[in-house]
Amino acid sequence: VQLQASGGGLVQPGGSLRLSCAASGSIFSVNAMAWYRQAPGKQRELVAGIRSGGRTNYAESVKGRFTISRDNAENTVYLQMNSLKREDTAVYYCQAQIVTPQFGGADYWGKGTQVTVSS
């Protein structure tokens, strides 16, 4: 199983970016999916999560600015980030709880994608 993230980059404060993360491989089902981020010198933190039924949760710092969504048919999770601030600069990681025929349920992580908010 692989999680492939894309969509990071450099954006000015107040701008927008959309991250995508697709799961591929021998997948039986995908349960919760989430985005985390890690800024230099800081611990990795949860940004947003979404359950298979669509229920979402967000870090207080991104509420009202970020929106997490998913396409269950494509095993893909998205993070729409609006009104970006300098403090949103970090490496963003996608994470998913995936059930595979071989190993049952486990957490999988994608390689990070850099988001830099700077003028």
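Structural notes, computed from the coordinates. Predicted model only: the values in this text are computed from it and were never measured. (Residues numbered from 1 in each chain as written. Predicted model: local features only at pLDDT ≥ 70, side-chain atom pairs only at ≥ 80, totals over all residues. Heavy atoms only, no water.)

This part takes up the state of the cysteines. Covalent bonding between the sulfur atoms of two cysteines defines a disulfide. Applying the stated criterion to the full structure yields one disulfide. At a sulfur-sulfur separation of 2.0 Å, the disulfide partner of cysteine 21 is cysteine 94. Taking the torsion about the sulfur-sulfur bond, which here is approximately 50 degrees, the covalent link between cysteine 21 and cysteine 94 counts as right-handed. Here the residue cysteine 21 occupies a position in strand β3 (residues 17–24), and cysteine 94 occupies one in strand β9 (residues 90–100), the gap between them amounting to 73 residues. (Disulfide = S-S within 2.5 Å. Helix = DSSP H or I, 4+ residues; strand = E, 2+ residues; numbered from the N terminus.)

With that settled, the discussion passes to the sheet that holds strand β8 (residues 76–81). Strand pairing in a sheet is mediated by backbone hydrogen bonds. Such pairs are either parallel or antiparallel. With antiparallel pairing, four strands are arranged side by side in an open sheet as β1-β3-β8-β7. The open sheet is flanked by β1 (2–6) and β7 (66–71), the only strands paired with a single partner. The sheet shows a mean angle of 15 degrees between the axes of neighbouring strands, taken without regard to direction. (Pairing = 2+ DSSP bridges. Axes fitted to C-alpha atoms, helices over the stretch in contact; angles between N-to-C directions.)

Attention shifts here to the nonpolar core. One finds Trp35, Leu79, Met81 and Tyr92 to be the most contacted residues of the largest nonpolar core, which totals 30 residues. Of all the secondary-structure elements, those providing two or more residues to this core are β1, β3, β4 (29–38), β5 (45–50), β7, β8, β9 and β11 (113–117). When residues of this core are assigned to their parent elements, the largest contribution, five residues, is made by β9. Apart from residues no more than four positions distant in its own chain, leucine 79 is found in contact with Leu17, Arg18, Leu19, Trp35, Val47, Ala48, Phe66, Thr67, Ile68 and Tyr92. (Core = buried A, V, L, I, M, F, W, Y, C linked by side-chain atoms within 4.5 Å. Buried < 20%, exposed > 50% of the residue type's maximum accessible area, 1.4 Å probe, protein only. Contact = heavy atoms within 4.5 Å.)

Glancing now at the pairing of β11. Residues Thr113, Val115 and Val117 line the buried face of β11, whereas the alternating positions Gln114 and Thr116 sit on a face that is not buried. Alignment of strand β2 (residues 9–11) against β11, held across three bridges, turns out to be parallel. For leucine 10, the partnering residue across the bridge sits in β11 and is threonine 116. Note: β9 against β11, three bridges, orientation antiparallel. When the sheet's bridge partners are listed, valine 91 is paired in β11 with glutamine 114.

Tallying each qualifying case throughout the model produces one aromatic pair. For the ring pair tyrosine 36 and tryptophan 109, a centre distance of 4.9 Å and an interplane angle of 55 degrees mean the geometry is tilted. Highlighted residues: tyrosine 36 in strand β4 and tryptophan 109 in strand β10 (residues 104–109), separated in sequence by 73 residues. Classification of tyrosine 36 by relative accessible area gives partly exposed; the value is 21%. Note on tryptophan 109: relative accessible area 40%, which makes it partly exposed. A cation sits over an aromatic face here: arginine 44 above tyrosine 93, 3.8 Å from the ring centre. Here the guanidinium or amino end of arginine 44 rests over the ring plane of tryptophan 109, the centre of that ring lying 4.8 Å away. (Phe/Tyr/Trp six-rings, centres within 6.5 Å; stacked < 30°, edge-to-face > 60°. Lys NZ or Arg CZ within 6 Å of the ring centre and 35° of its normal.)

Attention now moves to the pairing of β8. Along β8, five of the six residues are buried, which leaves the element largely enclosed by surrounding structure. Pairing of β3 with β8, which is carried by six bridges, proceeds in the antiparallel orientation. Looking across to β8, one finds that alanine 22 is bridged to threonine 76. Direction of pairing for β7 relative to β8: antiparallel, over a ladder of six bridges. From the neighbouring strand, serine 69 faces β8, where its bridge partner is tyrosine 78. From the end of β7 to the start of β8, which pair antiparallel, there are four residues, and asparagine 75 there has a positive phi angle of about 50 degrees.

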